[in-house]
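What the coordinates show
Each chain, letter by letter, is given below.
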Amino acid sequence: PAEVVLLDVPGAEGNVKLTDFGACRLFDCGEAASSASASLRVAGDSHLSPERLHSAATDGRADIYGVASILFEALTGQLAYMPVSEDSTGIRSRLALRWARPSPQSLLEANPELEGATALDALLKQALSADPADRPDSASAFRAALRAAR
């Protein structure tokens, strides 16, 4: 995903940084945004939490959603919420439609090679909930749950 950047900086080679998750929308880049920031906005929308998409109040659970979405894609090669409609015209309408489904697709169905990863599947479903109240409360809690799901 475009939000994952590998660093090529002396002393930090190979380190991974996660970027954006809708920051351009939060700071209203506007129509005058450069084409580079516009492409970042579109790329970042695939992992954007529902509350950020709808410009609602956010907290750290919006970032947990983004990280879980990237992790799901890295493990399966697919988005957790596949579009409900293939004929959607704009990125916003495509994204709005994805939450018409009650839950993300199963990690185990999307990648059968992950057989036995039921705890990870359950954790990602929780972290990808459309309702922030259903997600882990903090990044620390999410990290601890990820470690326990190994």
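Residues numbered from 1 in each chain as written. Predicted model: local features only at pLDDT ≥ 70, side-chain atom pairs only at ≥ 80, totals over all residues. Heavy atoms only, no water.

What follows covers the overall build of the protein. Along the backbone of the protein there are eight helices and two strands. Seen in sequence order, the protein has helices and strands lined up from the N terminus as β-β-α-α-α-α-α-α-α-α. In the protein, which comprises 150 residues, the proportion classed as buried is 35%. When the accessible surface of the protein is summed, it comes to about 8400 Å², and 55% of that surface belongs to carbon and sulfur atoms. (Helix = DSSP H or I, 4+ residues; strand = E, 2+ residues; numbered from the N terminus. Buried < 20%, exposed > 50% of the residue type's maximum accessible area, 1.4 Å probe, protein only. Areas by Shrake-Rupley, 256 points an atom, 1.4 Å probe, with all protein chains shown as cover.)

Of the residues in the protein, 64% reach a pLDDT of 70 or more, and the chain-wide mean stands at 75. Per-element averaging of pLDDT across the protein places helix α2 (residues 35-44) at the bottom with 41 and helix α7 (residues 118-127) at the top with 96. (pLDDT = per-residue confidence, 0-100.)

Scanning the model with the defined rule gives four salt bridges in all. Between Arg135 and Glu51 there is a salt bridge, and its shortest N-O distance comes to 2.6 Å. Placement of Arg135 in the loop between α7 and α8 (139-148) and of Glu51 in helix α3 (residues 50-53) is noted, with a sequence separation of 84 residues between them. Owing to a relative accessible area of 7%, Glu51 belongs among the buried residues under this scheme. The residue Arg52 makes a salt bridge to Asp63 at a minimum N-O spacing of 2.9 Å. (Salt bridge = Lys/Arg side-chain N within 4 Å of Asp/Glu carboxyl O.)

This part covers the environment of Leu6. Along the polypeptide, Leu6 turns up in strand β1 (residues 4-6). Considering only alpha carbons, one finds Leu6 and Lys17, eleven residues apart in sequence, at a separation of 6.5 Å.

Attention now goes to the packing of helix α4 (residues 60-76) against α8. Following both chains from N to C, one finds α4 and α8 inclined at 30°, their axes separated by 10 Å at the closest point. With respect to their mutual orientation, α4 and α8 come out roughly parallel. In this structure, the crossing between α4 and α8 has a hand that is right-handed. In this structure, α4 uses Ile64, Val67, Ala68 and Leu71 to contact α8, whose residues at the interface are Ala139, Phe142 and Leu146. Considered class by class, the residues forming the contact of α4 with α8 number seven nonpolar, no polar and no charged. (Axes fitted to C-alpha atoms, helices over the stretch in contact; angles between N-to-C directions. Parallel < 35°, antiparallel > 145°, perpendicular 65-115°, else oblique. Left-handed = near helix turned anticlockwise from the far one by under 90°. Contact = heavy atoms within 4.5 Å. Nonpolar A, V, L, I, M, F, W, Y, C, P; charged D, E, K, R; others polar.)

Those residues of α7 lying buried are Leu120, Asp121, Leu123, Leu124 and Ala127. The buried residues of α7 occupy an angular sector of 165° when projected down its axis, which confines them to one face. Contacts from the buried residues of α7 go to α4, α6 (107-110) and α8. (Arc of directions from axis to C-beta.)

A few words on the environment of Leu146. Mapped onto the elements, Leu146 comes out in helix α8. In sequence terms Leu146 and Leu124 are 22 residues apart; their C-alpha atoms lie 9.0 Å from each other. Residues in contact with Leu146, not counting those within four places in the same chain, are Leu71, Leu120 and Leu123.

Our focus in this paragraph is the side chain of Thr76. For Thr76, the position within the fold is in helix α4. Of the residues examined, Thr76 reaches a relative accessible area of 14% and is grouped as buried. Polar contacts involving the side chain of Thr76 include one to the main-chain carbonyl oxygen of Phe72, which spans 2.8 Å. The residues touching Thr76, leaving out its near neighbours within four places in the chain, are Leu107, Ala110 and Asn111. (Polar contact = N/O pair within 3.5 Å; in protein donor to acceptor, adjacent residues only side chain to side chain.)

Here we come to α4. Counted at 1.5 Å a residue, the expected span for α4 with its 17 residues is 24 Å, and the 24 Å between its end C-alpha atoms agrees. Taken residue by residue, α4 has Arg61, Ala62, Ile64, Tyr65, Gly66, Ala68, Ser69, Ile70, Phe72 and Thr76 as its buried positions. Two residues or fewer past α4, Gly77 is found with a positive phi of approximately 80°. (Expected span 1.5 Å × (residues − 1).)

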